[in-house]
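Architecture at a glance
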Amino acid sequence: MRTPHATAGPPVTPRPRGVSTPSGAGPAMTKGAPGVQSESASTSLRTRSQHQRRKRIVQAAAALASRGGVEAMQMRTVAERAGVALGTLYRYFPSKMDLVVAVVGEEIDLLEGSIERRPPTATTPSGRAVDVLMRATRGLMREPELADALIRSLIIAEVDTPLGDRMTGLLLRAAGHELSTETATEEQYALAGALASVWVHELLEMLRGRRTYEQIQRRIEIVATRLLADFPTPPSA
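Not measured: the values here are computed from a predicted model.

1. Concerning the overall build of the protein chain
Of the regular secondary structure elements, the protein chain holds nine helices and zero strands. In the protein chain, which comprises 237 residues, the share counted as buried stands at 39%.

Right, dumping it as structure tokens:
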């Protein structure tokens, strides 16, 4: 999972001959003038800088958690590693739990990107769902300390977390033909959510040493087959 630029000022476009500028109106007041362009470019640069700063913070937190769990994600240590002031860190993330949620969100972003590039090829809804969940398992288990920290923290979280809803949405899109969180029935959403919950539990058991990867896959296959039996079959089947 676990990257900065100088920008040139905007070109100055000469005013066409015969077109006058209203009295008292400088270039910044003229539509498309350099002053307006500079302000727009400055806003864009500032937004990009904020996005990059936030990303550095999240990556720093993930790196610390991957070596020492959530306990290693001390806010001051994260700020130092990310190269930002402690006050800046708190403006982005008011608490450690908010930071954990952001790290989880980045992990799911990576999974979604992987699925978009290489969609599941199984011919049944359950097979596609299993593909997604086992791919997520492999990704998390590359850094077991981080996975353990994230899963344990989310279980006791007192803030809304993206894991359940986003995994449910991923499963719906992967398993069902033209399904999403918006188009799925209440029953379909509940079934996909239940499968995501089973996966989280099995992942925890694996982190505790009570399951092997093969055991998790087999259990997920059994549950997915039952829960998604009535899901629409993808056209390629």
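2. Brief notes about the packing of helix α7 (residues 163–175) against helix α8 (residues 186–207)
Packing of α7 against α8 leaves a shortest axis separation of 8 Å and a crossing angle of 115°. In terms of crossing hand, the pair formed by α7 and α8 is right-handed. Contacts between α7 and α8 involve L163, D165, M167, T168, L171 and L172 on the former and, on the latter, Q188, Y189, A192, G193, L195, A196, W199 and V200. In terms of residue class, the contact of α7 with α8 is built from ten nonpolar, three polar and one charged.

3. Quick word on the packing of aromatic side chains
Across all of its chains, the model carries one aromatic pair by this definition. On the numbers, 6.5 Å between centres and 35° between planes, the contact of Y92 with F93 is tilted. What makes F93 buried here is its relative accessible area of 3%.

4. Focus on the confidence of the model for the protein chain
The share of residues in the protein chain with pLDDT of 70 or more is 77%, and the mean pLDDT across the chain is 80. Per-element confidence in the protein chain is highest for helix α9 (residues 213–227), whose mean pLDDT is 96, and lowest for helix α6 (residues 144–155), whose mean pLDDT is 75. A low-confidence stretch, residues 1–32 stays under pLDDT 50, and its non-local contacts, those more than four residues away or across chains, total 29 contacts.

5. Comments concerning the UniProt feature "DNA-binding region" (unreviewed entry) in the protein chain
UniProt tags residues 74–93 as "DNA-binding region" (unreviewed entry). Between the end C-alpha atoms of residues 74–93 there is a gap of 12 Å, over a span that is 75% helix and 0% strand.

6. Concerning the pattern of salt bridges
Summed over all chains, the structure comprises eleven salt bridges. Note that E112 and R173 form a salt bridge whose closest N and O atoms lie 3.3 Å from each other. Of this pair, E112 sits in helix α4 (residues 96–117) while R173 is found in helix α7, placing the two residues 61 residues apart along the sequence. Look at R173 and you get partly exposed, because its relative accessible area is 45%. Residues participating in the shared-partner salt-bridge network are E202, E205, R208, R210, R211 and R219.

7. Concerning the environment of L195
Secondary-structure assignment places L195 in helix α8. Look past the residues within four positions of L195 in its chain and what remains in contact with it is A129, L133, L171, I220, V223, A224, L227 and L228.

8. Comments concerning the side chain of T168
Mapped onto the fold, T168 is located in helix α7. With sequence-adjacent residues up to four places away left out, T168 is seen in contact with Y189, A192, G193 and A196.

9. Looking at the nonpolar core
In this structure, V78, M167 and W199 are the most contacted members of the largest nonpolar core, which totals 61 residues. Looking at this core element by element, the count peaks at ten residues for α4. For V78, the contacting residues outside a window of four places in its chain are I57, A60, A61, L64, M73, L89 and L99.

10. Concerning the packing of α8 against α9
At a minimum axis separation of 10 Å, α8 and α9 run at an interaxial angle of 165°. With respect to α9, the axis of α8 lies roughly antiparallel. Here α8 and α9 pass one another in a crossing that is right-handed. For the pair α8 and α9, the contacting residues are L191, A194, L195, V198, W199, E202, L203 and M206 in the first and Y213, I216, R219, I220, V223, A224 and L227 in the second. A breakdown of the residues in the contact of α8 with α9 according to their chemical character gives 13 nonpolar, no polar and two charged.

11. Some details on α4
With 22 residues, α4 extends 32 Å between its outermost C-alpha atoms, agreeing within 8% with the 32 Å of an ideal straight helix rising 1.5 Å per residue. In terms of burial, α4 is a largely internal element, 16 of the 22 residues being buried.

12. A few points about helix α5 (residues 125–141)
Its 17 residues give α5 an end-to-end C-alpha distance of 24 Å, which sits within 8% of 24 Å, the value for a rise of 1.5 Å per residue. If you check which residues of α5 are buried, you get P125, S126, R128, A129, V130, V132, L133, M134, R135, A136, T137 and L140.

13. A short note on the environment of R142
Within the secondary structure, R142 is located in the loop between α5 and α6. Among the residues examined, R142 registers a relative accessible area of 67% and is labelled exposed. Sequence spacing of R142 and S66 is 76 residues, and the spatial spacing of their C-alpha atoms is 9.7 Å.

Reading guide: rules and limits
- Numbers given to residues run from 1 along each chain, matching the order in which its sequence is written.
- Whole-chain, interface and lining totals are the exception, using all residues; otherwise, since this is a predicted model, local features are given only for residues with pLDDT of at least 70 and side-chain atom pairs are given and counted only at 80 or more.
- Side-chain measures were taken over the full set of non-hydrogen atoms in the model, leaving aside hydrogen atoms and water.
- In DSSP terms, a helix is any run of H or I states spanning at least four residues, a strand is any run of E spanning at least two, and both are numbered starting from the N terminus.
- Think of it in three bands: with a 1.4 Å probe and only protein chains considered, a residue is buried below 20% of the maximum accessible area for its type, exposed above 50%, and partly exposed in between.
- With axes taken as lines fitted to C-alpha atoms, and helix axes fitted only over the stretch in contact, angles between N-to-C directions fall between 0 and 180 degrees.
- With the far helix as reference, a near helix turned anticlockwise by less than a right angle produces a left-handed crossing, and one turned clockwise produces a right-handed crossing.
- Two residues qualify as a contact provided that any one of their heavy atoms is within 4.5 Å of a heavy atom in the partner residue.
- Under the convention adopted here, Pro, Cys and the residues Ala, Val, Leu, Ile, Met, Phe, Trp and Tyr are nonpolar, Asp, Glu, Lys and Arg are charged, and Gly plus all remaining residues are polar.
- The aromatic pairing rule takes the rings of Phe, Tyr and Trp, using the six-membered ring of Trp, and pairs them if the centres are within 6.5 Å, calling planes under 30 degrees apart stacked, those over 60 edge-to-face and the rest tilted.
- The predictor attaches a confidence to each residue, and that confidence, scored 0 to 100, is pLDDT.
- UniProt positions are given in the numbering used here, feature names are shortened, and annotations may be inferred rather than shown by experiment.
- Salt bridge, as used here, is a side-chain nitrogen of Lys or Arg placed within 4 Å of a carboxyl oxygen of Asp or Glu.
- Side-chain atoms within 4.5 Å are what join buried Ala, Val, Leu, Ile, Met, Phe, Trp, Tyr and Cys residues into a set we call a nonpolar core.
- Angle categories: roughly parallel below 35 degrees, roughly antiparallel above 145, roughly perpendicular from 65 to 115, and oblique for all the rest.
- Here, expected helix span is obtained from the residue count minus one, scaled by 1.5 Å.

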